[in-house]
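# Descriptive structure summary
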Amino acid sequence: MSSPADAKLVVVGTSLGGMRALEIILRGLGHDFPLPVCVVQHRGADWDGQQSQLTRLLQLHCALPVVEAGDKEPMVGGRIYLAPADYHLLVDDGVLALSVDGRVLHARPSIDVLFESAAEAYREGVLAVLLTGASSDGTAGAQRVKRRGGTVIAQDPRSCESPVMPQSAITAGVVDRVLPLEEIAPFLNVAAVTHR
Amino acid sequence: MAPEGDKTPPPPPMVVLDGGRQDEPPLTPPPRRDGEPLRPRDEELETIELQLLTEAVFRRYGLDFRNYALASLRRRVHLAMHEERVTTISALTDRLLHDPPAMERLLLRLSINVTAMFRDPGFFLALRTKVVDSLRSHPFVRIWHAGCSTGEEVYSMAILLQEEGIYDRCRIYATDFNEVALQRARDGIVSLDSMQEYSTNYLRAGGHGSLSDYYTANYGHAIFRASLRKNVVFSQHNLVTDGSFNEFNLILCRNVMIYFNEQLQNRVHQLLYGSLRRYGVLGLGRKETLRGSPHMYDYEILDDNERLFRRPR
């Protein structure tokens, strides 16, 4: 595992049960958290309204600004960027990017797509977090993060509403740290501050 | 990294391959002194390989992907590497240079954008409620679908116009630079599996009847009624290189520019603005903005949420 001192970006993926898990993590991030955080939360191909509602709900639990990711938007430290419904979220050097490429493992946004793009653009600077979820989306992405020298954290499957997603990555042998839900934000806080 | 001090020899002339990002370092490392071990630049090797690939494709085939946005381009190239069973981008470049069918396959990957009927129903609802009435006042209406891909949104538009009773005075120019995608659009055949999702979209978009009124089902496919494309002209047009070809009352260019870098987005925005008539309306994808458009302040906002903008004069 690379030193978290290299951390430049946090990417988070989750599906079933993700709302509650995200709330707990976002609430735990320091108000001066210095890194950008990109989040993919699976949900049905929905439409008007629902998206902004998700952003608003998460904002209730977070001192940092929670926004929906826009295409070519420059990434700012201490901001939480949510993948919009029905778009893949990718990152490039310092900016966000969106795509409408086909679904991956039935998902758009896809966790694999976010993690893979982060791994290519930020290499060892990536802190990837896989939370509760009912599909194996994220495992291939975590693999890429590992191969490029980044760090992968998985929520302890025993603390998950649905253990499939983190368990899949753990079984694939691409996880550095398995942490109970409550310990993930403190870990990120330390990793990010060390970076400073 | 910026060269340090005055003693550093000036960098060789810069070849701008990617749209000339301001912070791009010179593409060549400083000259090596005799006997010194090679020191590869600490620049991302794959970025070099990607630039070389797009440059090779441009020079060999005249297809210009040099100003495509890096993140999606990289992902699609990685998928192509997997498909072609090569392990580096350079190996893929080698294949592309020597094997035109491999280039055909990559072309499909890079240029066919996934689309759906009545994608973002709220957008089509806003077209009905906020745009159609202004089109009604014209005796003849020209509409441009720029980057129509396989045509699902073109048929959606045709249905909407028929239901609003103005289809007969409209002409829809549906363009894409990929001939394979255009042919699919002309055929107007989609998988029956998708129709359930499309039907839901259609109703949310304010559809008056049933989507099944507009197609016949046949062996797992939905074939659109020929009357829907009666006033549609499908033709090849490349937003990267081609210019304006008419003036339009309505232009849709949705989820096309997200694949372009800012420089190319800027070009396309100029092209679209220049192709709009006075009071013409521009519709973008749900997450696209006018940011980066040289005409950002020349539009008035018709519907902020649905990304509908009007050229005031």
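Residues numbered from 1 in each chain as written. Chains lettered and ligands numbered in written order. Predicted model: local features only at pLDDT ≥ 70, side-chain atom pairs only at ≥ 80, totals over all residues.

### Concerning the overall build of chain B
- Each helix and strand counted, chain B has 9 helices and 10 strands in total.
- Counting only residues that meet the buried cut, chain B has 39% of its 313 residues in that class.
- Put simply, 74% of the contacts in chain B that link residues at least 6 apart link residues at least 24 apart. (Helix = DSSP H or I, 4+ residues; strand = E, 2+ residues; numbered from the N terminus. Buried ≥ 20, exposed ≤ 12 C-beta atoms within 10 Å, placed from the backbone. Contact = placed C-beta atoms within 7 Å.)

### Quick notes on the sheet that holds strand β7 (residues 248–253) of chain B
Residues and elements named next belong to chain B.
- Spatially, the 7 strands line up as an open sheet ordered β6-β2-β1-β7-β8-β10-β9, and their pairing is mixed. Taken across any chain shown, the strands that pair with only one partner, and hence form the sheet edges, are β6 (232–236) and β9 (300–303). On average, adjacent strands in this sheet sit at an angle of 20° to one another, irrespective of strand direction.
- Two strands pair when backbone bridges link them, and strand β8 (residues 276–284) and strand β10 (residues 308–310) are joined in this way by 3 bridges, in the antiparallel orientation. In the strand pairing of β10, V281 is matched with R310.
- The sheet contacts of helix α6 (residues 152–163) involve β1 (141–146), β2 (170–176), β6 and β7, and relative to β2 the element is tilted by about 175°. (Pairing = 2+ DSSP bridges. Axes fitted to C-alpha atoms, helices over the stretch in contact; angles between N-to-C directions.)

### Focus: the interface of chain B and chain A
- Contact residues are listed per partner, giving 21 residues for chain B and 21 residues for chain A.
- Elements represented by at least two residues in the side of chain B that touches chain A include exactly α2 (70–84) and α5 (121–136) of chain B.
- Among the elements that take part in the side of chain B that touches chain A, α2(B) stands out by supplying 5 residues, more than any other.
- Across the side of chain B that touches chain A, the residue classes break down as 7 nonpolar, 6 polar and 8 charged. (Nonpolar A, V, L, I, M, F, W, Y, C, P; charged D, E, K, R; others polar.)

### Brief notes about the domain arrangement of chain B
All names here are of chain B.
- In terms of domains, chain B is made up of domain 1 (45–111) and domain 2 (121–310).
- Averaged C-alpha coordinates put domain 1 and domain 2 at centres separated by 29 Å.
- Taken residue by residue, the interface counts 8 residues in domain 1 and 11 residues in domain 2.
- A per-element tally of the side of domain 1 that touches domain 2 places helix α4 (residues 100–111) first, with 3 residues.
- Of the residues in the side of domain 1 that touches domain 2, the class split is 4 nonpolar, 3 polar and 1 charged. (Domains from an automatic or database assignment.)

### Re α2(B)
- With 15 residues, α2(B) should cover 21 Å at 1.5 Å per step; its first-to-last C-alpha distance of 20 Å lies within 8% of that length.
- Among the residues of α2(B), those classed as buried are L70(B), A71(B), S72(B), L73(B), R74(B), R75(B), V77(B) and A80(B).
- Of the surrounding elements, those touching the buried residues of α2(B) are β5 (88–92), β6 (95–99) and α3 (111–122) of chain A together with α1 (45–61), α3 (89–98) and α4 of chain B. (Expected span 1.5 Å × (residues − 1).)

### Things to note about the sheet that holds strand β1 (residues 9–14) of chain A
Residues and elements named next belong to chain A.
- Sheet architecture is open: 7 strands sit in the order β3-β4-β2-β1-β7-β8-β9, paired in parallel fashion. Edge positions in the open sheet fall to β3 (66–68) and β9 (177–179), since each of these has one partner strand only. For this sheet, the mean angle separating the axes of adjacent strands, direction not counted, is 25°.
- Sitting on the sheet, α3 touches β1, β2 (37–41) and β7 (126–130), and the angle it makes with β1 is about 165°.

### Some points on the packing of α2(B) against α4(B)
Residue and element names in this part refer to chain B.
- Put simply, α2 and α4 touch, their axes get as near as 10 Å, and they point 145° apart. The two elements α2 and α4 meet at a crossing, and its hand is right-handed. In this structure, α2 contributes R76, L79, A80, E83 and E84 to the contact, and α4 contributes A102, R105, L106, R109 and L110.
- For the contact of α2 with α4, a count of residues per class yields 5 nonpolar, no polar and 5 charged. (Left-handed = near helix turned anticlockwise from the far one by under 90°.)

### Comments concerning the nonpolar core
- Core analysis: the largest hydrophobic core is formed by 136 residues, its most contacted members being L114(A), A118(A) and A128(A).
- Two domains each provide a minimum of three residues to this core, namely domain 1 (45–111) and domain 2 (121–310) of chain B. (Core = buried A, V, L, I, M, F, W, Y, C linked by C-beta atoms within 7 Å.)

### Quick look at helix α1 (residues 18–28) of chain A
- Listed as buried for α1(A) are G18(A), A21(A), L22(A), I25(A) and L26(A). Taken end-on, α1(A) shows its buried residues confined to a sector of 125°, consistent with a single buried face. (Arc of directions from axis to C-beta.)

### Some points on the environment of N255(B)
- You can see N255(B) is positioned in the loop between β7 and α9 (262–274).
- You can call N255(B) buried: it has 25 C-beta atoms within 10 Å.
- Other than its neighbours up to four places away in sequence, N255(B) contacts V100(A), N113(B) and G285(B).

### Describing the confidence of the model for chain B
Residues and elements named next belong to chain B.
- For chain B, the mean per-residue pLDDT works out to 89, and 89% of the residues sit at or above 70.
- Predicted confidence is poor over residues 1–23, with pLDDT under 50, and the contacts of this stretch with residues over four places away or in other chains come to 20 contacts.
- Listed scores for the predicted complex are pTM 0.88 and ipTM 0.89. (pLDDT = per-residue confidence, 0-100.)

### A look at the packing of α2(B) against α3(B)
All names here are of chain B.
- Where α2 meets α3, the axes come as close as 10 Å, and the angle between the chain directions of the two elements is 70°. Relative to α3, the element α2 lies roughly perpendicular. Contact residues: α2 offers V77, A80, M81 and E84, while α3 offers I89, L92 and R95.
- For the contact of α2 with α3, the residue count by class is 5 nonpolar, no polar and 2 charged. (Parallel < 35°, antiparallel > 145°, perpendicular 65-115°, else oblique.)

### With respect to the environment of A181(B)
Residue and element names in this part refer to chain B.
- Here A181 shows up in helix α7 (residues 179–187).
- With 22 C-beta atoms packed within 10 Å, A181 lands in the buried category.
- Taking the C-alpha atoms as reference points, A181 and N113, 68 residues apart in sequence, are found 8.9 Å from one another.

### Examining the pairing of strand β5 (residues 221–224) of chain B
Residues and elements named next belong to chain B.
- On β5, burial follows the alternation: A222 and F224 on one face are buried, whereas H221 and I223 on the facing-out side are not.
- As paired strands, strand β3 (residues 189–191) and β5 are joined by 3 bridges and run antiparallel to one another. Counterpart to I189 in the pairing with β5 is I223.
- In the sheet, strand β4 (residues 215–218) pairs with β5 via 4 bridges, with the strands oriented antiparallel. By the bridge assignment, T216 is partnered in β5 with I223.

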